[in-house]
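Here is what each chain is made of, one letter per residue.
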Amino acid sequence: MRFIGAVLAVLALSQTVLAQNATCTHPKVRREFRELSDTDKQNFINAVQCLRDPSRSPSFQPNTGSRTIYDDLVWVHRQNAPQSHTVAAFLPWHRGFLSLVEFWLDSNCGWSGGIPYWDWSLDSQVPQNSAILSSRWFGGNGNPGQQNCLSNGQFVNDRTVFTNPGTSNCIHRFFNVNNAPALGPTLINSVAQQTLMQNSRSSYAAFRNNFESQPHNGVHTSLGGDMYIVAISPNDPLFWLHHSNIDRLWDVWQKTNPSLAQTYNDFQKAVTVNDPLQYNIAWGNTAVVRWFLSTTSGGTMCYTYSNGIAPRALQFNPAAATASPSANLAAAVAPSSETPQLRPIDPISDSALRHLNKTTTEIKNIRQIETLMNHVTNFANQQGFVSHDLHTGTTDDDQWRTVSDHEVEVRNRMLDLLAEAALTEPTPGSAPATKAKMDTVKMLSKAWTLV
């Protein structure tokens, strides 16, 4: 029966592959995990567990040591890690990889809701309080007395096949900053994230370099454990939510920069949209970059992303932003005698970057990106800017609301102007322009009120 199931699984995937150029008419919507109902959260986790169950999802390539489809996917990532990281193919390869997981979750395990994403900027200030990392869902830190095996959450008893040599076959996590134990992982705030978006307007290569270098690598290394060993990082189910968010940000960048949306380039070597991508268990040698340049091009590329979530306590009223700028931005957003401060971004340790096989030049580039993000973060703090991230430290699943298109537009404009003001502020003679930008930021910030 297991053999028959495996054959049927391959045939089902083959049919989807043959339809890769089909029209996408009813795209799935990938949502932030906390945007899902509790029932759907559980259904998604059940589907992931289904892929790890040998009786329901037997491996179709057991000669690799795999027991399940989930193991097969980890094996594919391990085999192709060198060709899909720190290279131009990073984004399209992982977009295709996520679509494979999404296919199996749907066809084999009954989950048709798409892979949810984890907007880590919402948890950047108090990551240890994230509902996603709670014992109810994905669990938190590993147990140092048990090789950092997960100590709680729904995946605490899961077992892996492809492990780091010398470690047990549990799912491992080790929250760390600069390799020292930490309360939670290092996550970039929304101010830093929008700064990177603005700094990526010149080319696909700029976007890929910026977002792979820090938020991608930073989440992997600071979650530690299996996520630290990038080749086998899909062992940790947080991998799917993390990479869904990276893919979402690429989609946001594509929509924000439509003239660059279908482009593909690299700083180091010549690449084309017809370059092949290898997945071993799917598409043979026929998959190419251009298949994955749009989330709605057809076949497995048939999904969109939601606008995300915001705290219920932070209400959006765009009409309020038409008033004149307030003298004190903090008072405009969160009346308080003491303005809260955004946490700076912790740098990825040199040892972690060397573990990721980064060259001296690449490490220097990452340090420049970290410096840029922290410059704007520090400027925001100096200006009394109260980021929305400062109001999101909650473990409650029901303390969130969905975000409208207009709210996204106003928020992005506000953060873009903040970044522009921070980057022009040191320039001689820039004071009037900087003040004008910050006056507009202050005006736009009044569109949100804490209730």
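About the criteria used
- Think of each chain on its own: its residues are numbered from 1, step by step along the sequence as written.
- Given that this is a predicted model, residues contribute local features only at a pLDDT of at least 70 and side-chain atom pairs are listed and counted only at 80 or more, while totals for whole chains, interfaces and linings are drawn from all residues.
- The basis for every side-chain value is the complete set of heavy atoms in the structure, and neither hydrogens nor water enter the calculation.
- Every helix listed is a DSSP run of H or I at least four residues long, and every strand listed is a run of E at least two residues long, numbered separately from the N terminus.
- Any pair of residues with heavy atoms lying within 4.5 Å of one another is described as a contacting pair.
- Note on areas: these come from Shrake-Rupley sampling with a 1.4 Å probe, and a residue is covered only by the protein chains present in the view.
- To obtain each axis, a line is fitted to C-alpha atoms, and for helices this fit is confined to the stretch in contact; angles are then taken between N-to-C directions over 0 to 180 degrees.
- Here the word oblique covers every angle except those under 35 degrees (roughly parallel), over 145 (roughly antiparallel) and from 65 to 115 (roughly perpendicular).
- Residues are sorted three ways: Asp, Glu, Lys and Arg are charged, Ala, Val, Leu, Ile, Met, Phe, Trp, Tyr, Cys and Pro are nonpolar, and all the rest, Gly among them, are polar.
- By definition, disulfides here are pairs of cysteine sulfur atoms that lie within 2.5 Å.
- Salt bridges are counted wherever a side-chain nitrogen of Lys or Arg sits within 4 Å of a carboxyl oxygen of Asp or Glu.
- Here's how the labels work: a residue is buried when its accessible area is under 20% of the maximum for its type, exposed when over 50%, partly exposed in between, all with a 1.4 Å probe on protein chains only.
- Grouping buried Ala, Val, Leu, Ile, Met, Phe, Trp, Tyr and Cys residues that are joined through side-chain atoms within 4.5 Å yields what is termed a nonpolar core.
- Distance and chemistry together define a polar contact, namely a pair of N or O atoms within 3.5 Å, with one atom able to donate a hydrogen and the other to accept it when in protein, and with adjacent residues in sequence counting only for side-chain atoms on both sides.
- Only centres within 6.5 Å qualify two rings of Phe, Tyr or Trp (six-membered ring in Trp) as a pair; their planes then separate them into stacked at under 30 degrees, edge-to-face at over 60, and tilted for everything else.
- Only when the NZ of Lys or the CZ of Arg is both within 6 Å of the ring centre and within 35 degrees of the ring normal is a charge said to sit over the ring.

Novice: So, the overall build of the chain: which residues are in play, and what are the values?
Specialist: In terms of regular secondary structure, the chain is built from 12 helices and 10 strands. Contacts in the chain between residues far apart in sequence, at least 24 positions, make up 74% of those at least 6 positions apart. Of the roughly 17,800 Å² of accessible surface on the chain, a fraction of 52% belongs to carbon and sulfur atoms.

Novice: Mind laying out the side chain of Asp71, listing which residues take part and the relevant values?
Specialist: Along the chain, the position of Asp71 falls in helix H3 (residues 69-80). Once you skip the residues sitting within four places of it in the chain, Asp71 turns out to touch Ser66, Val161 and Phe162.

Novice: Which residues make up the packing of helix H4 (residues 90-107) against helix H6 (residues 204-223), and what values go with them?
Specialist: Interaxial distance between H4 and H6 falls to 10 Å at its minimum, and their mutual angle equals 70°. On the basis of their axis angle, the class for H4 and H6 is roughly perpendicular. Between H4 and H6, the contacting residues are Phe90, Leu91 and Pro92 on the first element and Tyr204, Phe207, Arg208, Glu212 and His216 on the second. Of the residues that constitute the contact of H4 with H6, the class distribution is five nonpolar, one polar and two charged.

Novice: Describe the state of the cysteines, with residues and values.
Specialist: Within this structure, the stated rule accounts for three disulfides. What pairs with Cys24 in a disulfide is Cys302, and their sulfur atoms sit 2.1 Å apart. Linking Cys24 and Cys302, the disulfide has an S-S dihedral of approximately 80° and is accordingly described as right-handed. Of this pair, Cys24 sits in the loop between helix H1 (2-18) and strand S1 (28-30) while Cys302 sits in the loop between helix H7 (238-256) and strand S6 (303-305), and the two are 278 residues apart along the sequence.

Novice: Run through the pattern of salt bridges, naming residues and quoting values.
Specialist: Between side chains of opposite charge, a pair can form when the charged atoms approach closely. According to the stated counting rule, one finds 24 salt bridges in the structure shown. Residues Arg56 and Asp53 are paired through a salt bridge, measuring 2.9 Å at the closest nitrogen-oxygen approach. Residue classification places Arg56 among the partly exposed residues on the basis of a relative accessible area of 47%. When the shortest N-O distance is used, the salt bridge between Arg367 and Glu370 registers 2.8 Å. One end of the pair is Arg367 and the other is Glu370, both in helix H10 (residues 360-382) and three residues apart, which spans about a single turn. For Glu370, a relative accessible area of 4% puts it in the buried group. Members of the salt-bridge network, linked through shared partners, are Arg30, Arg95, Glu102 and Asp247.

Novice: Break down unusual backbone geometry for me, with residues and values.
Specialist: The residue Asn179 is not glycine, and still its phi comes out positive at about 70°. Within the secondary structure, Asn179 sits in the loop between strand S4 (176-177) and strand S5 (180-181). In this structure Asn179 comes out as partly exposed when scored by relative accessible area, which is 34%.

Novice: Please give an account of the nonpolar core that cites residues and values.
Specialist: One finds Phe138 and Trp240 to be the most contacted residues of the largest nonpolar core, which totals 91 residues. With 10 residues, the top contributor of residues to this core is H4. For Trp240, the residues in contact, after removing those within four places along its chain, are Tyr70, Leu73, Phe97, Leu98, Val101, Ile115, Pro116 and Pro234. Ranked by size, the runner-up nonpolar core spans 22 residues in total, among them Val191, Val376, Leu415 and Leu444.

Novice: Now, about the side chain of Ser84: what can you tell me, with residues and values included?
Specialist: Turning to its location among the elements, Ser84 is positioned in the loop between H3 and H4. Here the side chain of Ser84 touches His85 through a polar contact of 3.2 Å, side chain to side chain. When sequence neighbours within four positions are dropped, the list of residues in contact with Ser84 reads Phe90, Trp93 and His94.

Novice: Requested: an account of the environment of Asn80, with residues and values cited.
Specialist: Within the secondary structure layout, Asn80 lies in helix H3. Each C-alpha atom, one on Asn80 and one on Ala231, is 8.0 Å from the other, the two residues being 151 residues apart in sequence. With near-sequence residues (within four places) excluded, Asn80 lies in contact with Trp93, Gln278, Tyr279 and Asn280.

Novice: Break down the environment of Asn374 for me, citing the residues and quoting the values.
Specialist: Take Asn374: it is sitting in helix H10. For Asn374, a relative accessible area of 15% gives the class buried. In this structure, the C-alpha to C-alpha distance between Asn374 and Pro344, residues 30 residues apart in sequence, is 5.7 Å. Dropping the residues within four chain positions of it, Asn374 is found in contact with Pro344 and Ile345.

Novice: Pulling in residues and values, what's your account of the packing of aromatic side chains?
Specialist: The description of an aromatic ring pair rests on the distance of the ring centres and on the angle between the ring planes. Scanning the model with the defined rule gives 21 aromatic pairs in all. Ring geometry for Phe33 versus Phe138: centroids 5.1 Å apart, planes at 70°, classification edge-to-face. Highlighted residues: Phe33 in the loop between S1 and helix H2 (38-51) and Phe138 in the loop between H4 and strand S2 (142-143), separated in sequence by 105 residues. For the residue pair Phe33 and Phe138, the accessibility class agrees, reading buried in each case. Judged by centre distance (5.3 Å) and plane angle (40°), the ring pair of Phe60 and Trp104 falls under tilted. On the criterion of sequence distance, the pair formed by Phe60 in the loop between H2 and H3 and Trp104 in helix H4 is long-range, its members being 44 residues apart. Like Phe60, the residue Trp104 is buried in the burial classification. What links up through ring pairs into an aromatic cluster is the set Tyr70, Trp93, Phe97, Phe239, Trp240, Tyr279, Trp291 and Phe292. Positioned over the ring face of Tyr303 is Arg30, at 3.6 Å from the centre of the ring. For the cation-ring pair, Arg34 lies above Trp400, with the distance from its terminal atom to the ring centre recorded as 4.9 Å.

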